[in-house]
Amino acid sequence: MKLNERGLLIVLSGPSGVGKGTVRKALFDLEGHDLVYSTSMTTRPRREGEVEGVDYYFVSREEFEQRIRDDAFLEWAEFVGHYYGTPRDKVDEQLKQGKEVVLEIEVQGALQVREKAKDGVFIFIAPPNREALYRRLLRRGTESGDTIQKRMDKAEREFPLAHKYDYIVVNDEVTNAADRVLAIIRAEHARTERAIHKYKELLGVDENE
Ligand code: 5GP
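Calculation rules
- Residues numbered from 1 in each chain as written.
- Predicted model: local features only at pLDDT ≥ 70, side-chain atom pairs only at ≥ 80, totals over all residues.
- Heavy atoms only, no water.
- Pairing = 2+ DSSP bridges.
- Helix = DSSP H or I, 4+ residues; strand = E, 2+ residues; numbered from the N terminus.
- Axes fitted to C-alpha atoms, helices over the stretch in contact; angles between N-to-C directions.
- Buried < 20%, exposed > 50% of the residue type's maximum accessible area, 1.4 Å probe, protein only.
- Polar contact = N/O pair within 3.5 Å; in protein donor to acceptor, adjacent residues only side chain to side chain.
- Contact = heavy atoms within 4.5 Å.
- Arc of directions from axis to C-beta.
- Core = buried A, V, L, I, M, F, W, Y, C linked by side-chain atoms within 4.5 Å.
- Phe/Tyr/Trp six-rings, centres within 6.5 Å; stacked < 30°, edge-to-face > 60°.
- Lys NZ or Arg CZ within 6 Å of the ring centre and 35° of its normal.
- Parallel < 35°, antiparallel > 145°, perpendicular 65-115°, else oblique.
- Left-handed = near helix turned anticlockwise from the far one by under 90°.
- Nonpolar A, V, L, I, M, F, W, Y, C, P; charged D, E, K, R; others polar.

1. Examining the sheet that holds strand S8 (residues 121-126)
1) Next: The sheet built from five strands is open, its strands ordered S2-S7-S1-S8-S9 with parallel pairing. Where the open sheet ends on each side, the last strands, each with one partner, are strand S2 (35-37) and strand S9 (167-170). Strand after strand, the sheet turns through a mean of 25 degrees between neighbouring axes, direction not considered.
2) Next: Direction of pairing for S2 relative to strand S7 (residues 100-105): parallel, over a ladder of three bridges.

2. Focus on the side chain of glutamate 50
1) Next: Topologically, glutamate 50 is positioned in the loop between strand S3 (40-42) and strand S4 (56-58).
2) Next: You can call glutamate 50 buried: its relative accessible area is 12%.
3) Next: Of the polar contacts made by the side chain of glutamate 50, one reaches the side chain of arginine 44; its length is 2.9 Å.
4) Next: From its side chain, glutamate 50 meets the backbone nitrogen of arginine 47 in a polar contact 2.8 Å long.
5) Next: Setting aside its immediate chain neighbours within four residues, glutamate 50 contacts Arg44, Pro45, Asp55, Tyr56 and Phe58.

3. Things to note about helix H3 (residues 88-96)
In an α-helix, one turn spans 3.6 residues, which is why side chains three or four residues apart end up on the same side.
1) Next: Of the residues making up H3, those classed as buried are Val91, Gln94 and Leu95. All buried residues of H3 fall inside an arc of 100 degrees around its axis, so they share one side. In this structure, H3 carries Asp89 and Lys96 as exposed residues pointing more than 90 degrees from its buried face.
2) Next: The inward-facing, buried residues of H3 contact strand S1 (9-13), S2, strand S5 (73-79), strand S6 (82-87) and S7.
3) Next: Directly after H3, the chain includes glycine 98, whose backbone phi takes a positive value near 85 degrees.

4. Structural notes on the nonpolar core
1) Next: Among the nonpolar cores identified, the biggest contains 45 residues, and Leu9, Leu103, Val113, Ile123 and Val181 are the most heavily contacted of them.
2) Next: Aside from chain neighbours lying at most four places away, what touches valine 181 is Leu12, Val23, Leu27, Ile123, Ile125 and Val169.

5. Quick word on the packing of aromatic side chains
1) Next: By the definition in use, this model includes eight aromatic pairs.
2) Next: With a centroid separation of 6.5 Å and an interplanar angle of 85 degrees, the aromatic rings of phenylalanine 28 and tyrosine 37 are classed as edge-to-face. Neither residue differs from the other here; phenylalanine 28 and tyrosine 37 are each classed as buried.
3) Next: By way of ring pairs, the aromatic residues Tyr56, Phe58, Phe79 and Tyr84 are connected into one cluster.
4) Next: Residue placement shows arginine 24 over the ring face of tyrosine 37; its charged tip is 3.6 Å from the ring centre.

6. Topic: the sheet that holds S3
1) Next: Spatial strand order, S4-S3-S6-S5: four strands in an open sheet with mixed pairing. Lying at the two open borders of the sheet, with one neighbouring strand each, are S4 and S5. Between one strand axis and the next, the sheet turns by 25 degrees as a mean value, whatever way the strands run.
2) Next: Pairing geometry for S3 and S6, over two bridges, is antiparallel. Looking at the pairing, threonine 42 lines up with tyrosine 84 of S6.
3) Next: H3 contacts S4, S5 and S6 of the sheet and is inclined by roughly 30 degrees relative to S6.

7. Concerning the packing of helix H5 (residues 130-140) against helix H6 (residues 145-158)
1) Next: For the pair H5 and H6, the least separation of the axes is 10 Å and the interaxial angle reads 150 degrees. Accordingly, the angle class assigned to the pair H5 and H6 is roughly antiparallel. With respect to the hand of their crossing, H5 and H6 are arranged in right-handed fashion. Judged by residue contacts, Arg130, Leu133, Tyr134, Leu137, Leu138 and Arg140 of H5 engage Ile148, Gln149, Arg151, Met152, Ala155 and Glu156 from H6.
2) Next: When grouped by side-chain class, the residues that make up the contact of H5 with H6 number seven nonpolar, one polar and four charged.

So this is what it looks like as structure tokens:
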């Protein structure tokens, strides 16, 4: 299949607590009808308010490990003691149908996808500064102090990996960040290799040349 017939794979990634989820939700509020969110699978216990099949598919470690053996994940990672992974089948199916699929995943997983999906768009969501990240993790109040420190330490190791992404978006304010992500998606659609087939008659272009 040619690049231009497949949907766009959009990977939102960055340290835990940076607000990837809120940016993603704001993005869907702006442009939801064209985007599909890939719900991840995890072994982390469900937090209050989280809905099975919407926020995550919550499974046991045994079930997750079986799926790893079955090669059922596009990517997976162990993050602060729990597994997280992107079920492969739905993503493939939706991209084949020409849909725009959004993954919201941590850094190790995003770099695995980068190796497999060269045509994906990789966006690193960064905090405006370290204090903002720490405050966000504290405010979220869903983790113990020890886990917050682990997540901060991990973030320090993840910051330098931003250079492996196509774009960096600072989450200073959620709607601004979502606007910038949307601008990136629109620009990616206008890239010659994605757009040219639509205009080949107008422009007299032979795609095979
Ligand atoms: P949380 O426990 O806060 O929901 O998620 C922890 C981290 O795992 C976040 O950075 C989140 O984006 C990431 N994450 C969620 N789903 C996936 C996934 O399917 N794969 C990977 N690699 N990371 C994920």
